Amino acid sequence: MATDPLRVLVTGAAEKEPVTVLITGAAGQIGYALVPMIARGAMLGPDQPIILHMLDIEPAAEALKGVKMELIDAAFPLLKGVVATTDVVEACKGVNVAVMVGGFPRKEGMERKDVMSKNVSIYKAQASALEQHAAPDCKVLVVANPANTNALILKEFAPSIPEKNITCLTRLDHNRALGQISERLNVHVGDVKNVIIWGNHSSTQYPDVNHATVTTNGSQKPVRELVADDKWLNSEFITTVQQRGAAIIKARKLSSALSAASSACDHIRDWVLGTPKGTWVSMGVYSDGSYGIQPGLIYSFPVTCEKGEWKIVQGLKIDQFSREKMDNTAQELIEEKSLAYSCLN
Ligand SMILES: NC(=O)C1=CN([C@@H]2O[C@H](COP(=O)(O)OP(=O)(O)OC[C@H]3O[C@@H](n4cnc5c(N)ncnc54)[C@H](O)[C@@H]3O)[C@@H](O)[C@H]2O)C=CC1
Ligand SMILES: O=C([O-])CC(=O)C(=O)O
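This structure is a prediction, so every number in the text was calculated from the model and none was measured. (Residues numbered from 1 in each chain as written. Chains lettered and ligands numbered in written order. Predicted model: local features only at pLDDT ≥ 70, side-chain atom pairs only at ≥ 80, totals over all residues. Heavy atoms only, no water.)

The number of helices and strands found in the chain is 13 helices and 14 strands. Across its three principal directions, the C-alpha atoms of the chain cover 60 × 50 × 40 Å. For the chain, buried positions account for 50% of its 345 residues. Within the chain, contacts between residues at least 6 apart in sequence are counted, and of these 73% link residues at least 24 apart. Approximately 16,400 Å² of the chain is accessible, and the part contributed by carbon and sulfur atoms is 54%. Of the side chains in the chain, 35 bear a positive and 37 a negative charge, and the two mean positions are spaced by 2 Å. (Helix = DSSP H or I, 4+ residues; strand = E, 2+ residues; numbered from the N terminus. Buried < 20%, exposed > 50% of the residue type's maximum accessible area, 1.4 Å probe, protein only. Contact = heavy atoms within 4.5 Å. Areas by Shrake-Rupley, 256 points an atom, 1.4 Å probe, with all protein chains shown as cover. Lys, Arg positive; Asp, Glu negative; His and termini not counted. Charge placed at Lys NZ, Arg CZ, Asp CG, Glu CD.)

Listed below in structure tokens is the structure:
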């Protein structure tokens, strides 16, 4: 017999132990959108109590205090505790899930290397704090740019955190690709699935629809067949997804925040609670050499998740067009990796 969720609510099932979630950069715009989503259960489920640890830096300490005040004022039933701090050790203590949003943004006149250098030192320090103070099976999601390379640095400097626990966000790009197909075909976004984002969370990423489908009248049809316009799929669709972040900045004069926060919730939710049967999602994960991608990069792959573990989807056919684009974005990650290492010296 199916469980009646209302009955469970009314009778009050045994409450779960709280999960401690760290958000770095919590006083920033993604942080502000993300904390209420987590506190409402969008990340770990509607019956999962949460303790939030929010970290930011000294100049943002007052704003962070304000976010904590608002969390108290919102009286979220799932929220069992809030720590707002500028102390990285206090922030990392006992953390089960770490969402790394804090970072140094590029400013006018700064070279790519200057930004990389700042972020490398932030991620190196935070890696050590996580390694020493977080729960041993802590799951880490890096959102801050350059997301793949920040995640790689974090992995390098937290060697006792299993490498499979360190990931970066490309789910926003994945969701953007679903959104573009849904708009083009005038179907609901929930009926589109199995797009893939390969590679870097940057404009070299490769949004691939070759295995994507749309469910119509109970049956699944390939996106390519329904769109029936390879020229659009191989050019405008790809550049629209690659450049969506820049388009949002142009429109809002600020970078995407609500969609980034929502996608971060999707990423962790699917990782922890599992992907639906027959559906994969995109996650930036440590490459094991699948699809000929050099091991030792954090690269976005199609993955399925079960029991808190992700697995790269294997055996997908890759044509010449895709191969070139997958290698091109891998090459950019190799260059970012060597730039990051040069900043460490
Ligand atoms: N992977 C993805 O899909 C996306 C990534 N991003 C990236 O996410 C990051 C955050 O974006 P926003 O929230 O819009 O930026 P923001 O500038 O509004 O917030 C960043 C926050 O990080 C804090 N911060 C800086 N250094 C820190 C440190 N060492 N420890 C803790 N906190 C620190 C800042 O004080 C600030 O409050 C940026 O790097 C942005 O490029 C943004 C959108 C999508
Ligand atoms: O483009 C940016 O700076 C922000 C970002 O990563 C995105 O929106 O995908």
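Further notes follow.
A regular strand carries its side chains on alternate faces of the sheet. Pairing between strand E2 (residues 50–55) and strand E3 (residues 79–85): six bridges, direction parallel. Following the sheet pairing, His-53 is matched in E3 by Val-83. Running through helix H3 (residues 61–74), the crossover from E2 to the neighbouring parallel element E3 is right-handed. (Pairing = 2+ DSSP bridges. Right-handed = clockwise from strand over helix to strand, strands pointing away.)

Spatially, the three strands line up as an open sheet ordered E7-E10-E11, and their pairing is antiparallel. Each of the sheet's edge strands pairs with one partner strand only, and the pair in question is strand E7 (192–193) and strand E11 (219–222). Of the strand pairs in this sheet, E7 and strand E10 (residues 213–216) are connected by two bridges, and their pairing is antiparallel. Its bridge partner being in E10, Lys-193 is matched across the sheet by Thr-213.

Turning next to the site of ligand 2. Taken together, Asn-145, Arg-176, His-201, Gly-245, Ile-249, Ser-255 and Ser-256 make up all the residues around ligand 2. Here an oxygen atom of ligand 2 and a side-chain polar atom of Arg-176 are 2.8 Å apart. Note that an oxygen atom of ligand 2 is positioned 2.6 Å from one of the side-chain N or O atoms of Ser-256. Protein burial of ligand 2: of its 260 Å² of free accessible surface, 72% is covered by the chains. (Near = heavy atom within 4 Å. Polar contact = N/O pair within 3.5 Å; in protein donor to acceptor, adjacent residues only side chain to side chain.)

With respect to spatial proximity, 22 residues lie near ligand 1, and among them Gln-29, Ile-30, Asp-56, Val-143 and Asn-145 are the closest. Take Gly-25: an N or O atom from its main chain is 3.4 Å from a nitrogen atom of ligand 1. Expressed as a share of its isolated accessible area of 870 Å², the protein-covered part of ligand 1 is 82%. At the level of secondary structure, the elements contributing two or more residues to the shell around ligand 1 comprise helix H2 (29–39) and helix H5 (112–133). Residues belonging to the shell around ligand 1 are distributed by class as follows: eleven nonpolar, ten polar and one charged. (Nonpolar A, V, L, I, M, F, W, Y, C, P; charged D, E, K, R; others polar.)

In this model, the chain carries a mean pLDDT of 94, and residues with pLDDT of at least 70 account for 96%. Mean pLDDT across the elements of the chain ranges from a minimum in helix H1 (residues 5–11), with 45, to a maximum in strand E8 (residues 196–198), with 99. This complex was scored by the predictor with a pTM of 0.96 and an ipTM of 0.99. (pLDDT = per-residue confidence, 0-100.)

Direction vectors running N to C along helix H7 (residues 171–185) and helix H12 (residues 258–273) enclose 105°, while the axes themselves pass 8 Å from each other. The angle between H7 and H12 places the two elements in the roughly perpendicular class. Contacts between H7 and H12 involve Arg-171, Leu-172 and Asn-175 from the first element and Ser-259, Ala-260, Ser-263, Asp-266, His-267, Arg-269 and Asp-270 from the second. Partitioning the contact of H7 with H12 into residue classes produces two nonpolar, four polar and four charged. (Axes fitted to C-alpha atoms, helices over the stretch in contact; angles between N-to-C directions. Parallel < 35°, antiparallel > 145°, perpendicular 65-115°, else oblique.)

Here the focus is the pairing of strand E14 (residues 309–312). A one-sided burial pattern is seen for E14, the buried positions being Trp-310 and Ile-312 and the unburied ones Glu-309 and Lys-311. As defined by bridge partners, strand E13 (residues 298–306) adjoins E14 across four bridges and the pair is classed as antiparallel. Counterpart to Glu-306 in the pairing with E14 is Glu-309. Linking E13 to E14, which pair antiparallel, is a turn of two residues; within it Lys-307 sits at a positive phi near 50°.

Moving on to unusual backbone geometry. Geometrically, the link from Asn-145 to Pro-146 is a cis peptide bond, its omega value of -5° lying close to zero. Counting through the fold element by element, Pro-146 comes out in the loop between strand E5 (139–142) and helix H6 (147–156). Of note, the phi angle at Ala-75 is positive, near 50°, even though the residue is not glycine. In this structure, Ala-75 sits in the loop between H3 and E3. A relative accessible area of 55% means that Ala-75 is categorised as exposed. Positive phi, normally seen in glycine, also occurs at Ala-228, with a value near 50°.

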